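Single-letter residue listing:
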Amino acid sequence: MAKTSISSPKHVEREEFFAPGHRACQGCAEVLAVRLVLKALGKDTIVAMATGCMEIISSPLPITSWRVPWIHNAFENAAAVISGCESGMKALMRKGKIPAKKINFVGMGGDGATADIGMGPLSGALERGHDMIYVCYDNEAYMNTGIQRSSCTPYGASTTTSPAGKKSIGQHTQKKNMVEIAAAHGIPYVATACPSFPFDLMEKVKKASETAGPAYIHILSVCPTGWRINPSEAIKYGRLAVNSCVFPLYEVDHGKYRLTYKPSDKKLIPVSEYLKGQGRFRHLTDSDIETIQAATMKAYERLLRLSEQE
Amino acid sequence: MAKTRKGVEVSIAIAEAVRQADVDVVAAYPITPQTHIVEHLSELVADGELDAEFVPVDSEHSAMSVCCGSAAVGARTFTSTSAQGLALMSEIYFIAAAMRLPMVMALANRSLSSPLSIWNDHSDIMMVRDAGWICIFVENGQETYDNILCAFRMAENPEVMLPVAVNLDGFILTHMIEPILYEDDDLVRSYLPWKPMKNALHPDRPVSMGCFGMPEIYTEAQMNREMGVRNSYPHILDAWEEWGRLTGRHYRPVETYRCEDAEYCIVTMGSYGETAMEVVDMLREEGEKVGVIKIRLWRPFPLEEFRKAALGRKCLIVMDRAITFGGNQGGPVATELRSALYGMDGAPSIVNYVAGLAGRDVSRKDFRNIILEGKAKAAKGEVDGFTLYGLRG
Ligand SMILES: Cc1ncc(C[n+]2csc(CCOP(=O)(O)OP(=O)(O)O)c2C)c(N)n1
Ligand code: SF4
Ligand SMILES: [Mg+2]
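Residues numbered from 1 in each chain as written. Chains lettered and ligands numbered in written order. Predicted model: local features only at pLDDT ≥ 70, side-chain atom pairs only at ≥ 80, totals over all residues. Heavy atoms only, no water.

With respect to the overall build of chain B
Applied cut-off: Secondary structure counts use DSSP, requiring at least four H or I residues in a row for a helix and at least two E residues in a row for a strand, with both numbered from the N terminus. The globule rule used for comparison is 2.2 Å times the number of residues to the exponent 0.38, while the radius of gyration itself is calculated over C-alpha atoms. Exposure is judged per residue with a 1.4 Å probe applied to protein chains only, and the accessible area is read against the type maximum: over 50% gives exposed, under 20% gives buried, and values in between give partly exposed. Here the Shrake-Rupley method, with its probe set to 1.4 Å, supplies the accessible areas, and only the displayed protein chains count as covering residues. The charge count treats Lys and Arg as positive and Asp and Glu as negative. His and the chain ends do not count. Charge positions are represented by NZ for Lys, CZ for Arg, CG for Asp and CD for Glu.
A tally of helices and strands in chain B yields 13 helices and 16 strands. For 393 residues, the compact-globule estimate of 2.2 N^0.38 gives 21 Å, and the C-alpha radius of gyration of chain B, at 21 Å, lies within 12% of that figure. Overall, the C-alpha framework of chain B stretches about 70 × 55 × 45 Å when taken along its three principal axes. Relative to its 393 residues, chain B shows a buried fraction of 59%. When the accessible surface of chain B is summed, it comes to about 15300 Å², and 52% of that surface belongs to carbon and sulfur atoms. Looking at charge distribution, chain B has the averaged site of its 38 positive side-chain charges lying 6 Å from that of its 54 negative ones.

This is the structure:
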């Protein structure tokens with residue numbers, strides 16, 4: 001494993017760029033992810049954020065939680081807006097209209113904003129090669145509007161528009177693989193992260209910031225409200241997702257796959273450990289869980305193979 | 001470029017104006033009849049004649065979104081579209097105005113689908129009438145060139161801070177070759193100095209833009225928006241006045257032609273104005289007391305100027321290039337003008353014609369028919385609703 005620069009709390013930026021007093025639910029790991037991302041990016045950052053939980057809880061006029069310049073425009077266009085900020089600044093600096101300076105241009109959106117309604121603008125921005133980072137906070141549903149399914153909702157999860165019922169398992173489609181879609185654009189840096197592994201997360205954000213060109217980071221963001229778990233358990237469920245291989249931590253750095261964390265034999269757990277206790281999976285039968293177990297390991301083994309390739 | 005007169009396509013003249021304005025970002029998506037404008041702009045960038053980022057976006061929705069991002073960091077921003085493109089970007093078109101993001105759009109007016117049509121009418125701009133953009137109509141190539149430049153001065157004025165749409169009739173203007181008097185680059189630079197925007201996004205002065213509005217504050221935010229558009233009015237006049245001082249070409253929110261003793265007037269927006277003037281000249285020779293009222297500034301609506309031009313006439317024949325489906329009262333221009341005059345002393349009656357949909361030609365002969373028939377209708381009191389001119393059996 002490559003040597004990391006953030007491996008203990010003393011390496012972590014002390015300054016907070018996301019103010020306390022925001023209105024997220026208790027135990028929200030999505031807002032924790034926002035806070036960690038900003039710590040890794042530092043002050044010289046401009047954020048464009050999509051409509052969704054994080055936007056609503058951080059910006060009720062006339063209050064704001066943002067200590068870096070921040071713009072919200074609409075639900076589907078954060079990637080386009082930040083690409084406009086980047087283009088504008090690039091021209092202004094090149095023409096000497098404002099002093100040159102390294103700035104992180106960061107688009108942020110939920111899984112709905114990213115994988116569904118904002119897919120076109122995101123793909124366009126990645127393809128155009130802007131020097132930007134796009135962060136997807138994936139809580140696996142449209143939480144802001146009341147837990148509706150998205151294309152990132154996992155198979156078997158019950159949401160308000162994919163309810164489990166006598167004739168339905170709930171979400172009957174497989175989770176859209178945004179990481180592979182982003183990587184298929186041939187952009188220099190793509191990674192997954194989870195705030196339950198804060199150093200790994202911040203390390204990846206730093207790497208994305210140091211990479212010229214577009215970078216994409218997909219963060220599993222546990223949402224106690226939507227997943228129907230106890231607010232005190234968000235960090236625990238993030239760990240369970242990673243240790244059951246449901247959400248592997250890896251990166252695709254200039255095309256090279258690398259698992260940044262491999263659960264040891266001792267830590268590796270069956271998916272049932274992760275699924276049980278979540279209200280959204282309560283209805284699953286043993287055979288459903290077996291199906292999920294098999295699919296999970298198949299995907300993980302593929303990643304293992306890819307990350308072993310030179 | 002030094003001051004020169006050149007015979008060029010109006011689309012090319014727009015791109016030249018944008019070059020002279022030293023724009024920083026152009027984001028646009030191809031759609032007929034706007035394409036020549038952005039094609040030429042990308043050429044200017046490729047040849048190094050314009051130092052700008054040309055962002056070849058994935059859709060018009062993204063074009064407007066990129067423009068919002070670019071304007072938010074204080075970069076001079078231009079875009080251009082038509083019909084379906086405007087419809088697709090309409091969500092963000094409203095947001096751009098609400099967030100007070102200055103930018104200039106050349107809107108090559110085209111009919112909205114369906115049926116699909118690439119030709120001209122005003123159904124596209126009327127769809128976003130209430131978005132809060134400054135909205136100008138031009139009637140020939142020179143006016144287009146001039147007003148693209150004036151638009152930047154209006155948009156970026158710190159007292160205004162609004163996006164501006166310059167409306168020009170698709171094909172009828174965009175694809176026409178006209179003699180254009182280009183002003184000197186230096187004159188344009190002095191007319192349009194770039195200044196840093198006060199609350200631009202920058203890490204040295206963090207601001208939050210586009211916050212969420214609870215009911216306690218939404219109403220006030222909307223009033224603020226309304227005042228923003230209304231209060232832009234004197235600054236729009238200033239921008240035109242300064243341009244007139246520099247070039248000798250003057251613009252007014254409402255312009256009149258042979259109206260001094262006119263008992264009745266034809267009211268137009270956009271390229272209709274040119275034909276209307278010719279026909280009025282002919283009718284004047286026949287002894288008709290007729291004039292033309294042209295509405296150049298559609299938003300903010302020049303209520304006082306319009307009333308001044310209209311009151312005391314016997315009737316107005318108002319030309320529309322769009323239908324307010326099911327409104328049962330007339331096209332968008334006529335309904336607005338009727339309401340502007342309602343209950344006023346000396347208010348003329350209004351006869352409304354909708355014509356020229358999807359570029360159907362409205363010739364001098366048609367104008368003559370419309371004017372004379374409209375006058376007769378007014379005399380008979382047939383002033384309700386509208387007539388769809390030239391409708392075939
Ligand atoms: C064009 C448009 N369609 C729908 C909405 C309503 N809407 C706002 S946020 C949201 C869901 C957000 O989900 P996600 O992106 O996953 O973010 P989360 O709230 O889960 O963090 C929806 C459907 C909207 N604001 N705009
Ligand atoms: S609904 Fe979920 S994601 Fe949204 S604020 Fe609450 S816990 Fe966070
Ligand atoms: Mg979500």
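Re the site of ligand 1
Test applied: A single heavy atom is enough: if one lies within 4 Å of a molecule or strand, its residue is considered near that molecule or strand. Throughout this description, a polar contact denotes any pair of N or O atoms lying within 3.5 Å of each other; where both atoms belong to protein, one of them has to be capable of donating a hydrogen while the other can accept it, and for residues adjacent in sequence the pair is counted only when both atoms sit in side chains. Amino acids are sorted into nonpolar (Ala, Val, Leu, Ile, Met, Phe, Trp, Tyr, Cys and Pro), charged (Asp, Glu, Lys and Arg) and polar (every other residue, Gly among them).
Every one of the 18 residues lining ligand 1 counts as a neighbour, but A:Cys53, A:Asp111, A:Gly112, A:Ala113 and A:Met143 are closest to it. Proximal residues around ligand 1 fall on chains A and B, making this an inter-chain site. A distance of 3.0 Å separates an oxygen atom of ligand 1 from a polar side-chain atom of A:Glu30. A:Asn144 is positioned such that a nitrogen or oxygen atom in its backbone is 3.0 Å from an oxygen atom of ligand 1. For ligand 1, whose unbound accessible area comes to 590 Å², protein coverage reaches 78%. It is helix α4 (residues 111-116) of chain A that contributes the most residues to the shell around ligand 1, 3 residues altogether. When its residues are assigned to classes, the shell around ligand 1 shows 7 nonpolar, 7 polar and 4 charged.

Quick notes on the coordination of the magnesium ion (ligand 3)
All names here are of chain A. As a reminder, the rule being used: A donor here means an N, O or S atom no more than 2.8 Å from the metal, or no more than 3.2 Å when the metal is Na, K or Ca. Since water is not included, a site may seem to lack partners.
Within the protein, Asp 111 (OD), Asn 139 (OD1) and Ala 141 (O) serve as the donor atoms for the magnesium ion (ligand 3), at 2.0 to 2.1 Å. As a motif over one chain, the donors of the magnesium ion (ligand 3) read D-x27-N-x1-A. One end of the pair, Asp 111, is in helix α4; the other, Ala 141, is in the loop between β4 (133-138) and α6 (178-183), with 30 residues separating them in the sequence. Given a relative accessible area of 4%, Ala 141 falls into the buried group.

Observations concerning a negative patch on the surface
All names here are of chain B. For clarity, the cut-off: Each patch is built from residues that are more than 30% exposed by relative accessible area and take part in no salt bridge. Like charges join if they lie within 9 Å; nonpolar side chains (Val, Leu, Ile, Met, Phe, Trp, Tyr) join within 5 Å. We count a salt bridge whenever a side-chain nitrogen from Lys or Arg sits within 4 Å of a carboxyl oxygen from Asp or Glu.
Together, Glu 39, Glu 43, Asp 47 and Glu 49 give the surface a local cluster of negative charge. In this structure, Glu 43 sits in helix α2 (residues 35-46). Judged by its relative accessible area of 45%, Glu 43 is partly exposed.

Some details on the pairing of β4(A)
All names here are of chain A. Put simply, the rule reads: Pairing between strands is defined by DSSP: at least two bridges between them are needed.
Across the 6 residues that make up β4, a large majority, 6, are buried. Alternating positions in β4 separate into two faces, Ile 133, Val 135 and Tyr 137 on one and Tyr 134, Cys 136 and Asp 138 on the other, with burial throughout. Where strand β3 (residues 104-110) meets β4, 5 bridges bridge the pair, whose relative direction is parallel. Bridge pairing links Gly 107 to Tyr 134 in β4. Direction of pairing for β4 relative to strand β6 (residues 215-220): parallel, over a ladder of 6 bridges. Each residue of the ladder has a partner; that of Ile 133, found in β6, is Ala 215.

Describing the interface of chain B and chain A
Formally: We call two residues in contact whenever any of their non-hydrogen atoms come within 4.5 Å of each other. Reported buried area values correspond to the accessible surface (1.4 Å probe) lost by two parts on association, with both partners' losses combined.
At the junction of the two partners, chain B supplies 40 residues and chain A supplies 44 residues. In total, chain B and chain A occlude about 3300 Å² of area from one another, counting both sides; carbon and sulfur atoms represent 62% of this. Among the residues of chain B in contact with chain A, B:Glu53, B:Pro203 and B:Phe212 are the three that bury the most area, contributing 19% of the side total. Linking chain B with chain A are 10 salt bridges.

Considering the pairing of strand β7 (residues 164-169) of chain B
Residue and element names in this part refer to chain B. Worth spelling out the cut-off: A crossover counts as right-handed when, viewed with the strands pointing away from the observer, the path leading from the first strand over the helix to the second turns clockwise.
Burial of β7 is extensive: 6 of the 6 residues sit out of reach of the surface. Alignment of strand β5 (residues 104-109) against β7, held across 6 bridges, turns out to be parallel. Bridge assignment links Leu 107 to a residue of β7, and that residue is Asn 167. Alignment of strand β6 (residues 134-137) against β7, held across 4 bridges, turns out to be parallel. Pairing of Phe 137 across the sheet is with Asn 167, part of β7. Note on the crossover from β6 through helix α6 (residues 141-156) to β7: the handedness is right-handed.

Quick word on the pattern of salt bridges
The tally for this structure, following the rule as stated, stands at 49 salt bridges over all chains. The partner of A:Glu251 in a salt bridge is A:Arg258, and the shortest N-O contact between them spans 3.1 Å. As a salt-bridge pair, B:Arg249 and B:Glu183 come within 2.9 Å of each other at their nearest N and O atoms. Here the residue B:Arg249 occupies a position in the loop between α9 (233-247) and β10 (254-257), and B:Glu183 occupies one in the loop between β8 (177-182) and α7 (185-191), the gap between them amounting to 66 residues. We note that B:Arg249, like B:Glu183, is buried. Linked by salt bridges that have partners in common, A:Lys43, A:Asp44, A:Lys101 and B:Asp204 make up one network.

Overview of the environment of A:Ser5
Residue and element names in this part refer to chain A. Topologically, Ser 5 is positioned in the segment before α1 (29-41). Remark: the alpha-carbon pair of Ser 5 and Ala 141, spanning 136 residues in sequence, is separated by 33 Å. Other than its neighbours up to four places away in sequence, Ser 5 contacts His 11, Glu 203 and Lys 206.

Re the packing of aromatic side chains
Residue and element names in this part refer to chain A. Defined as follows: Working definition: rings of Phe, Tyr and Trp (its six-membered ring) pair if their centres are within 6.5 Å, and the pair is stacked with planes under 30 degrees apart, edge-to-face with planes over 60 apart, and tilted otherwise.
Tallying each qualifying case throughout the model produces 17 aromatic pairs over all chains. An angle of 55 degrees between the planes, with centres 6.4 Å apart, marks the rings of Tyr 237 and Tyr 274 as tilted. On the criterion of sequence distance, the pair formed by Tyr 237 in helix α9 (residues 234-243) and Tyr 274 in helix α10 (residues 271-275) is long-range, its members being 37 residues apart. You can call Tyr 237 buried: its relative accessible area is 4%.

Looking at the side chain of B:Glu60
All names here are of chain B. Its place among the elements puts Glu 60 in helix α3 (residues 60-72). For the buried residue Glu 60, which engages in no salt bridge, the nearest side chain bearing the opposite charge is Arg 110, 8.0 Å off. Ignoring anything within four residues of it in the chain, the contact list for Glu 60 reads Tyr 29, Pro 30, Ile 31, Thr 81, Gly 85, Leu 88 and Met 89.

Some points on the domain arrangement of chain B
Residue and element names in this part refer to chain B. The line we're drawing: In this entry, domain limits derive from an automatic or database-based domain assignment.
You can read the domains of chain B as domain 1 (4-247) and domain 2 (255-388). Centre-to-centre, using C-alpha coordinates, domain 1 lies 28 Å away from domain 2. Domain 1 puts 29 residues into the contact, and the matching count from domain 2 is 25 residues. Summing both partners gives a buried area of about 2100 Å² for domain 1 against domain 2, and 58% of it is carried by carbon and sulfur. Remark: the boundary between domain 1 and domain 2 carries 5 salt bridges. Between Asp 130 and Arg 299 there is a salt bridge, with the nearest N and O atoms lying 4.0 Å from each other. Across the contact surface, domain 1 and domain 2 share 14 residue pairs in polar contact (both at pLDDT 80 or more).

What to know about the sheet that holds strand β2 (residues 25-28) of chain B
All names here are of chain B. Operational definition: Angles here are taken between N-to-C directions and fall from 0 to 180 degrees, while the axes themselves are lines fitted to C-alpha atoms, restricted in helices to the stretch in contact.
In space, the 7 strands of this open sheet follow the order β3-β2-β4-β5-β7-β6-β13, with mixed pairing throughout. The open sheet has two edge strands, β3 (53-56) and β13 (297-299), and neither has a second partner. Neighbouring strand axes in the sheet, compared pairwise and without regard to direction, differ in orientation by 20 degrees on average. Both β2 and β3 contribute to a ladder of 4 bridges, which runs parallel. For Ala 28, the partnering residue across the bridge sits in β3 and is Pro 56.

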